[in-house]
Amino acid sequence: MTYSNDWRDKARHVRLLALDVDGVLTDGTLHFQSDGQETKSFNILDGLGIKLLQQNGVAVALITGRESPMVSRRAEALGIAHVAQGREDKLVALTALCAQLGLPLNAVAYCGDDLPDLAAIRAAGLGLSVNNAPDYVRAHADWVPSRSGGQGAVREICDALLSCQGRWDACLAPYLDGQG
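Rules used in this analysis
Residues numbered from 1 in each chain as written. Predicted model: local features only at pLDDT ≥ 70, side-chain atom pairs only at ≥ 80, totals over all residues. Heavy atoms only, no water. Helix = DSSP H or I, 4+ residues; strand = E, 2+ residues; numbered from the N terminus. Rg over C-alpha atoms; globule rule 2.2 N^0.38 Å. Buried < 20%, exposed > 50% of the residue type's maximum accessible area, 1.4 Å probe, protein only. Contact = heavy atoms within 4.5 Å. Salt bridge = Lys/Arg side-chain N within 4 Å of Asp/Glu carboxyl O. Expected span 1.5 Å × (residues − 1). Arc of directions from axis to C-beta. Pairing = 2+ DSSP bridges. Axes fitted to C-alpha atoms, helices over the stretch in contact; angles between N-to-C directions.

## Section: the overall build of the protein
Thinking step 1. Secondary structure assignment for the protein yields 8 helices and 7 strands.
Thinking step 2. Over its C-alpha atoms the protein spans a radius of gyration of 15 Å, differing by no more than 12% from the 16 Å that the globule rule assigns to 180 residues.
Thinking step 3. Based on the C-alpha atoms only, the size of the protein along its principal axes is roughly 45 × 40 × 35 Å.
Thinking step 4. Out of the 180 residues in the protein, the part that is buried amounts to 48%.
Thinking step 5. Counted over contacts in the protein with a minimum sequence separation of 6, partners at least 24 positions apart contribute 55%.

## Digging into the pattern of salt bridges
Thinking step 1. If you walk through the whole model with that rule in mind, you get 11 salt bridges.
Thinking step 2. Two residues, D142 and K10, come together in a salt bridge whose shortest N-O distance is 3.0 Å. In this pair, D142 is assigned in the loop between α6 (135-138) and α7 (153-164) and K10 in helix α1 (residues 7-12), connecting sequence segments 132 residues apart.
Thinking step 3. In this structure D142 comes out as buried when scored by relative accessible area, which is 12%.
Thinking step 4. Its relative accessible area of 26% is what places K10 among the partly exposed residues.
Thinking step 5. A salt bridge links R138 to D135; its shortest N-O distance comes to 1.9 Å. Pair noted here: R138 and D135 are both in helix α6, with a separation of 3 residues, about one helical turn.
Thinking step 6. Residues joined by salt bridges that share partners form a network here, namely D22, E38, K40 and R66.

## Section: helix α4 (residues 90-101)
Thinking step 1. Across its 12 residues, α4 extends 16 Å between first and last C-alpha, which sits within 8% of the 16 Å expected from 1.5 Å per residue.
Thinking step 2. K90, A93, L94, L97 and C98 are the residues of α4 that are buried. Mapping the buried residues of α4 onto a view down its axis gives an arc of 135 degrees, with all of them on the same face. In α4, those exposed residues whose orientation departs by more than 90 degrees from the buried face are V92, A99 and Q100.
Thinking step 3. At its buried positions, α4 is contacted by β1 (16-19), β4 (59-63), β5 (82-84), β6 (108-111) and α5 (118-123).
Thinking step 4. Where α4 terminates, the next one or two residues include G102, which has phi positive at roughly 70 degrees.

## Considering the sheet that holds strand β7 (residues 126-128)
Thinking step 1. Ordered in space as β5-β4-β1-β6-β7, the 5 strands form an open sheet in which the pairing is parallel. Sheet topology places β5 and β7 at the edges, where each strand pairs with a single neighbour. Averaged over neighbouring strand pairs, the angle between their axes works out to 15 degrees when direction is ignored.
Thinking step 2. With 4 bridges joining them, β1 and β6 adopt parallel strand pairing. Bridge pairing links L17 to A109 in β6.

Interpretation note: all reported values are geometric properties and have no functional meaning in isolation.
This is the structure we're talking about:
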């Protein structure tokens, strides 16, 4: 599979990273307890990447087809202010968020892993998917990180955005000096 050669140029202009949840921030597995309560697992590497991105002026949003209190808790823990749950119409939700924030779609990176994400992947300035998404979804992405959803793919995306925007060295410096 080949990816657009200009994804790095597109990444320089990103001001909003919008993410699907199941299959992107998680591995897509749903766990149900005997009482019917759902649980999800989130990757800690992704969380720090999201925080670093926000600290460097790139907003983050979650747009998910399911509704889950775990998503709300994770978003709150990471300081993600923009969360749209129960939205199978990902592009409609993304377009509405862009209007609310006064951002054009070409200033947005969107990452999804399945059919409901395709229109948003294609419309965003930087369309992204994850390594374990179906081929026919990945084929529409400008870039796909080497890691899978729920396994650090979002961290790889965050690091790449920060690097393309010339901010990675400043993010790394406090950790090299023991101040991070």
